[in-house]
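Each chain is listed here by its residues.
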Amino acid sequence: MAIATVNPATGETLKSFGAMGPEEVERRLATAGAAFADYRTTGFDERTRLVLRAADLLDGDRDDIARTMTLEMGKPIAAARAEAAKCAKAMRWYAEHAAALLADEEPARDDVHDSGAERVRVHYRPLGVVLAVMPWNFPLWQVVRFAAPALMAGNVGLLKHASNVPQTALYLEDLFRRAGFPDGCFQTLLIGSDGVEKVLRDRRVAAATLTGSEPAGRSVAAICGDEIKKTVLELGGSDPYLVLPSADVERAARTAVTARVQNNGQSCIAAKRFIVHTDVYDAFAERFTAGMRELKVGDPLLEDTNVGPLASEQGRTDLEELVDDAVRKGATALCGGSRPEGSDRGWFYLPTVLAGITEDMRIHQEETFGPVATLYRVRNLDEAVSVANDSPFGLSSNVWTRDDAEVERCVRDLQAGGVFFNGMTASHPAFPFGGVKRSGYGRELSGHGIREFCNVTTVWHAADTP
């Protein structure tokens, strides 16, 4: 794949970049290794100063970087600005909390004495150079939610970003440079996917984190497994959205629209499978379909656009094939199901609701990365949970109910890394984020996320007397 900015609203190539050659990649690896040797010894006060400076700079750059993201991958401009603001918020959160999250821990005194020690503490030390392989859909946020905790923990970062967002990737390197981070603490590698394995196998790279497709995750995990290097994977998602009889159907339907089409429907944590109890199915389906139909599809640079183009022509083709397969096998498109009329430029697709989904349809098991929702009618909670779990993915989930017993049942039985009640899934720097099954392993954000790339060290001091 070419490393280039291609405007998905027009198909026009705006800027192309040559891939870095072996000499430049080697230079950057050497610089990263040297940077870690010094940066790991810095204190939290210095790291906090640098990360807060990066957050301030990002706030000042918000409009410009938002426009860059929109031109590179098509998200509505308002959403792009919100993404930049969220990144600055996450930087500040980690700057303020990292010292406490990584403070030494002391086991219970009885256990310390039982071990024959005078004192035992658990210490968190940085691992080293971490390679981040990141996707295009949230080109700023996906990187910052790795970079902020990694840098605050004393690690250094190498970024291999998606090839269709090179300007955002280069901006991130420049942002941390302008913030005053030492040379080599955060660098971008403009390389294709075929260059990732060599970097992963380099002895100077200690660990890797990847957000992306299941095949990419398998590849990185296999290579790092062979090298015995730590990985964190956040892969696909096909999140269920359960609507049960006690739900506020009006709110549930209104929120469902946003939950499905956020980021033009190209979000791992977007609700994708809407599983609705038969008692409220008709009312929900009517409101949800009407809301999807009313969305404005168009130029993502316009403030009133709700849904922009898909990020690539191949992405739209993949989505069309899923929809066509479902319709051919008996599904009904309650709205959408096609490209907008007159959309001869750009990779647009209408917000779509499909009903009558059956197990033989590809869309029942595969992730829909675009503004397409699947609608299921269920008779009871048992069936709802069964349908929700009938997926290879387990990233997050949404449940609408006012019944405490249903809440506890869903917490216990839904196979997902998160359960969000009476609202849509969202990430926040204070809460752990990640999935189960083929959605990956490990956690980002919160204390769990910052500790993923730390060496958890037991420090044991012998007692003075035998």
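Because the structure is predicted, anything quoted here is derived from the model rather than measured.

Definitions and cut-offs
Every residue gets a number counted from 1 within its own chain, in the order that chain's sequence is written. Under the rules for a predicted model, residues below a pLDDT of 70 receive no local features and side-chain atom pairs below 80 are neither given nor counted, while totals for whole chains, interfaces and linings still include all residues. Calculation of side-chain values draws on the structure's entire complement of heavy atoms; hydrogens and water are dropped beforehand. Only DSSP runs of H or I reaching four residues or more are called helices, and only runs of E reaching two or more are called strands; each is numbered from the N terminus. In this description the radius of gyration comes from C-alpha coordinates, and the expected globular size is given by 2.2 Å times residues to the power 0.38. Here's how the labels work: a residue is buried when its accessible area is under 20% of the maximum for its type, exposed when over 50%, partly exposed in between, all with a 1.4 Å probe on protein chains only. By definition in these notes, contact holds between two residues if any of their heavy atoms fall within 4.5 Å. Note that accessible areas follow from Shrake-Rupley with a 1.4 Å probe, and for residues the cover is restricted to the protein chains shown. Whether two strands pair comes down to DSSP finding at least two bridges between them. When the strands point away from the viewer, a crossover counts as right-handed if the path from the first strand over the helix to the second runs clockwise. A 3.5 Å cut-off defines polar contacts: any pair of N or O atoms within that distance qualifies, except that in protein one atom must be a possible hydrogen donor and the other a possible acceptor, and neighbouring residues in sequence count only when both atoms are side-chain atoms. Two rings from Phe, Tyr or Trp (for Trp, the six-membered ring) form a pair when their centres are within 6.5 Å of each other. A pair whose planes differ by under 30 degrees is stacked, one over 60 is edge-to-face, and the rest are tilted. Counted as over-ring charges are cases with an Arg CZ or a Lys NZ within 6 Å of the ring centre that also lie within 35 degrees of the ring normal. By nonpolar core we mean a set of buried residues, namely Ala, Val, Leu, Ile, Met, Phe, Trp, Tyr and Cys, connected to one another through side-chain atoms within 4.5 Å. Only C-alpha atoms enter the line fits that serve as axes; for helices the fit covers just the stretch in contact. Angles between N-to-C directions range over 0 to 180 degrees. Our angle categories are set so that under 35 degrees counts as roughly parallel, over 145 as roughly antiparallel, 65 to 115 as roughly perpendicular, and the remainder as oblique. The handedness criterion is simple: a crossing whose near helix is rotated anticlockwise from the far helix by less than a right angle is left-handed, and one whose near helix is rotated clockwise is right-handed. Under the scheme applied here, ten amino acids are nonpolar (Ala, Val, Leu, Ile, Met, Phe, Trp, Tyr, Cys and Pro), four are charged (Asp, Glu, Lys and Arg), and all others, including Gly, are polar. A helix is expected to reach a length of 1.5 Å times the quantity of its residues less one. Values of bend correspond, residue by residue, to the angle between axes fitted over the seven residues ending at that residue and the seven starting there. Salt bridge, as used here: a side-chain nitrogen of Lys or Arg that lies within 4 Å of a carboxyl oxygen of Asp or Glu.

Section: the overall build of the chain
Broken down by element type, the chain carries 14 helices and 19 strands. Taking 466 residues into account, the globule formula puts the C-alpha radius of gyration at 23 Å, and the chain, at 23 Å, falls close to it. Principal axes of the C-alpha set define a box for the chain whose edges measure 75 × 55 × 40 Å. Residues counted as buried form 56% of the 466 residues belonging to the chain. Taking the intrachain contacts of the chain between residues at least 6 apart in sequence as the baseline, contacts between residues at least 24 apart amount to 73%. As displayed, the chain has an accessible area near 19,200 Å², and 49% of this comes from carbon and sulfur atoms.

Details of the pairing of strand E7 (residues 205-211)
Counted residue by residue, E7 has six buried out of seven residues, so it is predominantly covered. Relative to strand E8 (residues 230-234), E7 runs parallel, the two being bridged by five bridges. Counterpart to leucine 210 in the pairing with E8 is leucine 233. With helix H8 (residues 214-227) bridging E7 and its parallel neighbour E8, the resulting β-α-β unit is right-handed.

Observations regarding the environment of threonine 231
Secondary-structure assignment places threonine 231 in strand E8. Assessed through its relative accessible area of 8%, threonine 231 is described here as buried. Each C-alpha atom, one on threonine 231 and one on asparagine 7, is 32 Å from the other, the two residues being 224 residues apart in sequence. Side-chain polar atoms of threonine 231 contact the side chain of tyrosine 441, separated by 2.7 Å.

What about the packing of aromatic side chains?
Using the criterion set out here, one finds eleven aromatic pairs in the structure. On the basis of an interplanar angle of 85° and a centroid distance of 5.0 Å, the ring pair of tryptophan 93 and tyrosine 94 is categorised as edge-to-face. Aromatic pair tryptophan 136 and phenylalanine 369: ring centres 5.8 Å apart, planes at 80°, arrangement edge-to-face. Residue tryptophan 136 is located in the loop between strand E4 (129-133) and helix H5 (141-152), and its partner phenylalanine 369 is located in the loop between strand E12 (352-355) and strand E13 (372-378); the two are separated by 233 residues in the primary sequence. According to the relative accessible area criterion, tryptophan 136 is partly exposed, its value standing at 22%. When the ring centre of tyrosine 39 is taken as origin, the NZ or CZ atom of arginine 47, which lies over that ring, is 5.8 Å away. The ring of tryptophan 141 carries the charged tip of lysine 86 above its face, separated from the ring centre by 4.5 Å.

Some words on the pairing of E8
Counting buried residues in E8 gives four out of five residues, a clear majority hidden from the surface. Note that E8 and strand E18 (residues 440-441) share two bridges and pair antiparallel. Bridge assignment links glutamate 234 to a residue of E18, and that residue is glycine 440.

Some words on the nonpolar core
Among soluble globular proteins, nonpolar side chains are generally buried collectively. With 86 residues, the main nonpolar core has Leu58, Met91, Leu131, Leu140 and Phe181 as its most contacted residues. Tallying contributions element by element places helix H3 (residues 77-101) first for this core, with twelve residues. Setting aside anything within four residues of it in sequence, one finds phenylalanine 181 in contact with Tyr39, Leu50, Val51, Leu151 and Phe176. Val257, Ala271, Ala285 and Ala355 belong to the second-largest nonpolar core, a separate cluster that totals 27 residues.

With respect to the packing of H3 against H5
The angle between the axes and the distance between the axes are what describe a pair of packed helices. Here H3 crosses H5 at 15°, and the two axes come no closer than 9 Å. Relative to H5, the element H3 is oriented roughly parallel. Here H3 and H5 pass one another in a crossing that is right-handed. Residues Glu83, Lys86, Cys87, Ala90, Met91, Tyr94, Ala95 and Ala98 of H3 lie in contact with H5, whose contacting residues are Trp141, Val144, Ala148, Pro149 and Met152. Partitioning the contact of H3 with H5 into residue classes produces eleven nonpolar, no polar and two charged.

Brief notes about the sheet that holds E4
Taken in spatial order, the six strands of this open sheet run E6-E5-E4-E7-E8-E18, and their pairing is mixed. The open sheet is flanked by strand E6 (186-188) and E18, the only strands paired with a single partner.

Topic: H3
Helix length check: H3, at 25 residues, gives a terminal C-alpha distance of 34 Å against a target of 36 Å (1.5 Å per residue), a fit within 8%. The sharpest bend along H3 reaches about 35° and sits at alanine 95.

Description of the pattern of salt bridges
The final tally for this structure, using the stated rule, is 38 salt bridges. The salt bridge involving glutamate 24 is made with arginine 28; its shortest N-O contact spans 2.7 Å. Taken as a pair, glutamate 24 and arginine 28 lie in helix H1 (residues 22-39) at a separation of four residues, close to a single helical turn.

What about the sheet that holds E13?
With mixed pairing, the seven strands of this open sheet are ordered in space as E11-E12-E13-E10-E9-E15-E16. Edge strands, defined here as strands with exactly one partner in the open sheet, are strand E11 (332-335) and strand E16 (420-421). Across four bridges, the pairing between E12 and E13 is parallel. Looking at the pairing, leucine 354 lines up with threonine 374 of E13. The strands touched by helix H10 (residues 278-293) within the sheet are strand E9 (239-243), strand E10 (271-277), E11, E12 and E13, with E10 carrying the most contacts at an inclination of about 145°.

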